[in-house]
Amino acid sequence: MLKKITSFILLTTLVLSMVFSASAATISLNIDGNAVASDVAPVVEEGRTLVPVRVISETLGADVKWNEATKKVTINTAAYEVVFTIGSKNFTVNGATKVLDVPAKIVDSRTVVPIRAISEAIGAEVNYDAAKHVASVNYFTKMNGTVKVTGSTTVLPIGQAAADKVNAMNTGLAVSVAGGGSGAGIKDAIAGTSNIGMSSREITDDEKATVKVFEVAKDGIAIIVHPDNTVKSLTVEQAKKIFLGEIKNWKDVGGEDAPIFVQTRESGSGTRATLEEMLLEKESVVTTATPHASSALIKQGVAKNKNAIGFDSIGYVDSTVKAIPLDGITANDKTVLDGTYPLGRGLYVVTKGTPSGAAAMFVDYLRSAACQKEIVEKEGYIAIK
């Protein structure tokens, strides 16, 4: 009898141990086939998997805002606004009220919500593998259709690399990207001839009445010269006078006795518009300047002429040209972000009203953590996240 009791106790202990181990198993989060790390692991409550809002949202390109007073967390993608309230089973998607099985809650100072609710609210697919304890979300890998993107040649490298990435992830998707300048991209979006316009200048109030604006990167406009130019720095005032045609010889700014050949972008360029706004106080670049139709071409123009000067995105600066500090401050990530470099700016994409379908998802991809790290920073620009 004692042996039977002992055996029963051992068996019961083993079963309870197995149950406890299964319930305590760490749940992994997988988004578009990639494991996503979080300082707070997903949890299961009443048969529902809850995940940290910020991790999943920012991986999918959304903005997350927390309101301490109302205990609400708001997730904004290109197409959706989803609002959860801690402790409430009600949540909203673009203003429409929906009901959760399990309310949002706080775990280790992180807001967690049911993964199915947040994912399906923005059009993602959700699966949970109970055997492997893996919660999976598919979003950028379920894009389909065609998306046309046009505009700024400054933003073009980001847009093209992002298009190549999502096209490779989806068999039924065709995202095409072309330049043409910021003005053309915004006009294309408004006219409906493209789904998304790219801009390297601020969007005007009149344009904002029609388009929705999304920042996809930060940038600085570098003043560039030939690598052999002996000038090491310019003041903001000197640079201004050069591009206005008031200073015409390099000797007047500490360089050799040689004429200055000003290179500029074409009319309609967002980079030119930003330079004229920020450096030239809304005056135009001197009319004798040589115009170039893209960021790549103005760089080439400066690289070919020892006495040339131009301006370009820091994403285009390489060993073929030299970036000149302004007032002793070099254009780089730190000086643009802290505002000490005088020609910092945002880079944007715009859509006519709120986008939908693949166009909205492409905007989200541009703003996703992966794109910011693997494309924006790799291309020489500054990540927004």
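The structure presented is a predicted model; accordingly, all values stated were derived computationally and were not measured.

Next up on the list: the pattern of salt bridges. Under the defined criterion, the tally for this structure stands at 16 salt bridges. Between R48 and D101 there is a salt bridge, with its nearest N and O atoms 2.8 Å apart. Here R48, found in strand β4 (residues 48-52), pairs with D101, found in the loop between β9 (96-99) and β10 (105-107); they are 53 residues apart in sequence, far enough to count as distant. Of the charged contacts in the structure, one is a salt bridge between R367 and D63, with a shortest N-O distance of 2.5 Å. Residue R367 is located in the loop between α11 (357-366) and α12 (369-376), and its partner D63 is located in strand β5 (residues 63-67); the two are separated by 304 residues in the primary sequence. Relative accessible area serves as the criterion here: at 30%, D63 is assigned to the partly exposed category.

When β5 meets strand β6 (residues 72-76), the two strands line up antiparallel, connected through five bridges. Bridge pairing links K65 to T74 in β6. Hairpin connection between β5 and β6: a loop of four residues separates the two successive antiparallel strands, and K71 in this loop has a positive phi of roughly 60°.

Okay, the side chain of S313 next. Relative to the helices and strands, S313 resides in strand β20 (residues 308-313). Within the local environment of S313, its side chain forms a polar contact with the backbone nitrogen of G315, the two atoms lying 3.0 Å apart. In this structure, S313 is in contact with T154, D219, G220, R345 and Y381, ignoring residues within four places of it in sequence.

Moving on, we come to the packing of helix α4 (residues 156-169) against α12. Following both chains from N to C, one finds α4 and α12 inclined at 120°, their axes separated by 10 Å at the closest point. The pairing of α4 with α12 is recorded here as oblique in orientation. Handedness of the crossing formed by α4 with α12: right-handed. Contact residues: α4 offers I158, A161, A162 and K165, while α12 offers C371, E374, I375 and V376. In terms of residue class, the contact of α4 with α12 is built from six nonpolar, no polar and two charged.

Cut-offs and rules
- Residues numbered from 1 in each chain as written.
- Predicted model: local features only at pLDDT ≥ 70, side-chain atom pairs only at ≥ 80, totals over all residues.
- Heavy atoms only, no water.
- Salt bridge = Lys/Arg side-chain N within 4 Å of Asp/Glu carboxyl O.
- Helix = DSSP H or I, 4+ residues; strand = E, 2+ residues; numbered from the N terminus.
- Buried < 20%, exposed > 50% of the residue type's maximum accessible area, 1.4 Å probe, protein only.
- Pairing = 2+ DSSP bridges.
- Polar contact = N/O pair within 3.5 Å; in protein donor to acceptor, adjacent residues only side chain to side chain.
- Contact = heavy atoms within 4.5 Å.
- Axes fitted to C-alpha atoms, helices over the stretch in contact; angles between N-to-C directions.
- Parallel < 35°, antiparallel > 145°, perpendicular 65-115°, else oblique.
- Left-handed = near helix turned anticlockwise from the far one by under 90°.
- Nonpolar A, V, L, I, M, F, W, Y, C, P; charged D, E, K, R; others polar.

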